[in-house]
Amino acid sequence: MSGGKEEPLGLSDEAALLQQNGDLAQCVARLRLLQRRLTETDRWQLSPSVLWGLCGIIQGEAGKWGAEGAGQPAVSSLKVVSGALCCLRNALPNCARNQLMLAETEELLKSILSCIQWTFKAPEAAHTSAEPSPDGRAVEAEEGEGSAESEWRTAHHTLASSCVTCLGNLVAANSKTRRIVWPYFKLLLEDVLLFPDKEVAQAACMILHNCLLEADLKEELCMSSLGQQVLTHLLTLYETETKFSCFVLLSLEVLLAGREVLAGAWGGLSEGHQRLVLEVVEARLTHSAAPHAAADVPPSLEFLVAEFKSKADCILRTHADTDWMNPGSAQVLARLGTFVCASAASDTWRQTLQRDRSLLVTSVALLRCISDIGKMGGNSFTPLDRLSDLSDEEQMARAEGHPAFGFKCDLIRLIASLVYRNSANQDLVREMDGLLLVLESSKFDARNPLIKEASIFALRNLLEGNIENQQRIKELRMEGVVESPGLAELGMEAVEEGGKVKLLQRPRSSSSPPPEL
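Residues numbered from 1 in each chain as written. Predicted model: local features only at pLDDT ≥ 70, side-chain atom pairs only at ≥ 80, totals over all residues. Heavy atoms only, no water.

## Quick notes on the overall build of the protein chain
Here is the rule we go by: Working definition: helices are DSSP H or I runs of at least four residues, strands are E runs of at least two. Numbering for both runs from the N terminus. Each residue gets one of three labels from its accessible area relative to the maximum for its type: buried under 20%, exposed over 50%, partly exposed in between, using a 1.4 Å probe on protein chains only.
Secondary structure assignment for the protein chain yields 26 helices and two strands. For the protein chain, buried positions account for 48% of its 517 residues.

## What about the side chain of Arg447?
To keep things clear, this is the line we draw: Positive charge is attributed to Lys and Arg, negative charge to Asp and Glu, and no charge count is given to His or to the chain ends. When a carboxyl oxygen of Asp or Glu is within 4 Å of a side-chain nitrogen of Lys or Arg, the pair counts as a salt bridge. Here a polar contact means two N or O atoms within 3.5 Å. Within protein one must be a hydrogen donor candidate and the other an acceptor candidate, and residues neighboring in sequence count only if both atoms are side-chain atoms. Note on definitions: a residue-residue contact is assigned when non-hydrogen atoms from the two residues lie within 4.5 Å.
As for its position among the elements, Arg447 is in the loop between α23 (434–440) and α24 (451–463). For Arg447, which is buried and forms no salt bridge, the nearest opposite charge comes from Asp445, at a distance of 5.1 Å. A polar contact is formed between the side chain of Arg447 and the backbone oxygen of Thr382, at a distance of 2.8 Å. Once you skip the residues sitting within four places of it in the chain, Arg447 turns out to touch Asn379, Ser380, Thr382, Leu384, Phe405 and Gly406.

## Thoughts on unusual backbone geometry
Residues other than glycine seldom take positive phi values, yet Ala173 does so here, at roughly 55°. The phi torsion at Asp433 lies on the positive side, around 55°, for a residue other than glycine. Note that Asp433 resides in the loop between α22 (423–431) and α23.

## Here's the deal with helix α19 (residues 357–375)
We count it as follows: Residue count minus one, scaled by 1.5 Å, sets the expected span of a helix.
Here α19 is 19 residues long and its end C-alpha atoms lie 27 Å apart, about the 27 Å a rise of 1.5 Å per residue gives. Within α19, the full set of buried residues consists of Leu359, Leu360, Thr362, Ser363, Val364, Leu366, Leu367, Ile370, Ser371, Ile373 and Gly374. Just downstream of α19 lies Gly377, where phi reads positive at about 85°.

## Description of the packing of aromatic side chains
Cut-off, in case you're wondering: Pairing of aromatic rings covers Phe, Tyr and the six-membered ring of Trp, with a centre-to-centre limit of 6.5 Å; geometry is then stacked below 30 degrees between planes, edge-to-face above 60, and tilted otherwise.
By the definition in use, this model includes three aromatic pairs. For the ring pair Trp65 and Trp118, a centre distance of 4.5 Å and an interplane angle of 50° mean the geometry is tilted. One end of the pair, Trp65, is in helix α3 (residues 48–65); the other, Trp118, is in helix α6 (residues 106–121), with 53 residues separating them in the sequence. Pair check on accessibility: Trp65 and Trp118 agree, each one buried. On the basis of an interplanar angle of 75° and a centroid distance of 6.2 Å, the ring pair of Trp266 and Phe303 is categorised as edge-to-face. Highlighted residues: Trp266 in helix α14 (residues 259–266) and Phe303 in helix α16 (residues 299–311), separated in sequence by 37 residues. Residue classification places Phe303 among the buried residues on the basis of a relative accessible area of 9%.

## Some words on the environment of Leu100
Relative to the helices and strands, Leu100 resides in helix α5 (residues 96–104). For Leu100, the residues in contact, after removing those within four places along its chain, are Thr105, Asn174, Lys176 and Thr177.

## Notes on the packing of helix α12 (residues 225–238) against helix α15 (residues 271–286)
The criterion, for reference: Every axis in this analysis is a line fitted to C-alpha atoms, fitted for helices over the stretch in contact. Angles between the N-to-C directions lie between 0 and 180 degrees. Roughly parallel means an angle under 35 degrees; roughly antiparallel, over 145; roughly perpendicular, 65 to 115; everything else is oblique.
Look at α12 against α15: their axes get within 10 Å of each other, and the N-to-C directions meet at 85°. As the angle between them shows, α12 and α15 are arranged roughly perpendicular. On α15, the residues touching Thr232, Leu235, Thr236 and Tyr238 of α12 are His273, Leu276, Val277 and Val280.

## Some thoughts on the environment of Thr119
By the element assignment, Thr119 lies in helix α6. Thr119 sits 73 residues away from Val192 along the chain, and the two C-alpha atoms are 9.3 Å apart.

## A closer look at the pattern of salt bridges
Tallied over the full model, the rule gives 20 salt bridges. Residues Lys121 and Asp191 are paired through a salt bridge, measuring 2.8 Å at the closest nitrogen-oxygen approach. Within this pair, whereas Lys121 is found in helix α6, its partner Asp191 is found in helix α9 (residues 175–193), the two being separated by 70 residues in sequence. We classify Asp191 as partly exposed; its relative accessible area is 26%. Put simply, Arg335 and Glu282 hold a salt bridge, and the shortest N to O gap is 2.9 Å. With Arg335 in helix α17 (residues 327–345) and Glu282 in helix α15, this pair connects stretches of sequence that are 53 residues apart. Given the relative accessible area of 18%, Glu282 is considered buried.

## Concerning a nonpolar patch on the surface
Heads up, the condition is: Note on patches: the residues involved have over 30% relative accessible area and no salt bridge, like charges join within 9 Å, and the nonpolar side chains Val, Leu, Ile, Met, Phe, Trp and Tyr join within 5 Å. Areas reported here follow the Shrake-Rupley algorithm with a probe of radius 1.4 Å; residue values treat only the protein chains shown as occluding.
Together, Leu436, Leu439 and Leu476 make up a nonpolar patch on the protein surface, roughly 230 Å² of accessible area in all. With respect to the helices and strands, the residue Leu439 is situated in helix α23. Look at Leu439 and you get partly exposed, because its relative accessible area is 30%.

## Re empty space enclosed by the protein
The test is simple: A pocket here means an open set of points on a 1 Å grid, computed over the protein atoms alone, that has protein on both sides within 12 Å along at least five of seven lines. A cavity is instead a set of points where a 1.4 Å probe fits but cannot get out; residues with an atom within 4 Å of a point line either one. Grid points are joined across faces, edges and corners, and a volume is the space filled by probe spheres set on the points. For this classification, the nonpolar set comprises Ala, Val, Leu, Ile, Met, Phe, Trp, Tyr, Cys and Pro, the charged set comprises Asp, Glu, Lys and Arg, and every other residue, Gly included, is treated as polar.
In total, this model carries three cavities of 30 Å³ or more according to the counting rule given. If you add up the space inside the largest cavity, you get close to 50 Å³. As for the largest cavity, its lining consists of Ile370, Ser380, Phe381, Ala404, Phe407, Lys408, Asp445, Arg447 and Asn448. Its boundaries defined by the atoms lining it, the second largest cavity holds a volume of some 40 Å³. In terms of lining residues, the second largest cavity is bounded by Ser380, Ala399, His402, Ala404, Phe405 and Arg447. When the residues that make up the lining of the second largest cavity are grouped by side-chain class, the tally is three nonpolar, two polar and one charged.

## Re the confidence of the model for the protein chain
Quick note on the threshold: Summary of the metric used: pLDDT quantifies the predictor's per-residue confidence within the range 0 to 100.
The predicted model of the protein chain averages 86 in pLDDT, with 81% of residues at 70 or higher. The lowest-confidence element of the protein chain is helix α7 (residues 124–129), averaging 43 in pLDDT; the highest-confidence one is α22, averaging 98. Counted against residues more than four places away or in other chains, residues 124–134, with its pLDDT under 50, gives 23 contacts. Residue range residues 136–145 is modelled with pLDDT below 50. Its contacts to residues more than four positions away, or to other chains, number 23 contacts.

So, in structure tokens, the structure goes:
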């Protein structure tokens, strides 16, 4: 029985005979040996009878599970089918001949699909009794009482993993097998993605991503309500990281590239999932290498920019520290603002967003509203010009947790990108009296780190090559230097000399303690 040098055909024949005779433990052992041998074999030279034999083992065992009154299958039966599926999995990589044989032969494909359907649909108790652990894996019962149930559940999850990896290799790099498998797989898609073992569910995304590489299959999913439900499941899976997370991300990127799924699902997503969508789309868009024409604007970017413009005013409702009106939505809007800002700063998408005049109008108008509310004093938009105002950790945490933290700075950065070397947009900001608005923002504000630097950069972009804007700034008159408590805390003062402002060390008496930095 030493199988170190045995050929796959002999091992598969022996395993099939053992299964037929009911010696399942020995059958599992021979299948494990066959599984290793298949990794060393030229798959193109593999005898078709090996595939037939393995599918026969699967049909022989799995065919008993759905019988009336059959009850819960034995652990050994689950292990035999898992072993056969793993052998099939190892016979498929980089071998279109074996892939097509399994997919195009109805009897062979049916044996695999019926097993997969039972695994993810039939044993409802197995789905509901397995409590997930913090890492997404099923929690096994302790030894002793319930150990039999634990062993069965472990075998069932191993079977589920074997199912998805086998099916994944069946559709890998093969357009024909993808189209054959897809009609069956999409019916099981939600059950697979909701499987309690998150590693199994994430591995199933390998199949999903391969199928979505086909344009017609992608369009079919995106145009159906199933696409929106799948997006929600994928976002939940992405929050749990396993070694298969990359396939979840790849599937998310494909679905989020189109407008239909995102627009249909956006309103029903939780605030956490909306922020996660923004992270995924931003990473995809800001890493795009080649510039695109206006006609090629990603639908997801178009939708999210429109969402920002339509909901921009909700940030204004958070000016009071208490009684926020739906703070979750405001947090999403703040993150949405960061996303639009990053997209506009990208060389790939800047010119596209510069053509959206309404985006610039919205940004300038929103900046003015935030500045006006801040001037009222005593609210979350009021600039903090003292370093000591946020010296307490609790105060800092409260300020950083507010949706408005850094939002004004993001608006100025967005305006800077939208007017960069674009004379029409430079003129539009001047016509909206936005030059002075940006200039007034070039002061220290603890609520908006780096706002001074962002404002100076925005002014530079507004004045570059624009004579009218330069003249408007020249017409401004110096009316003195505003006292800055923030500079005073640093022991500095601003003085005017010859029409220029200089920062000097503030003199202090010998009795005065040095400032604390």
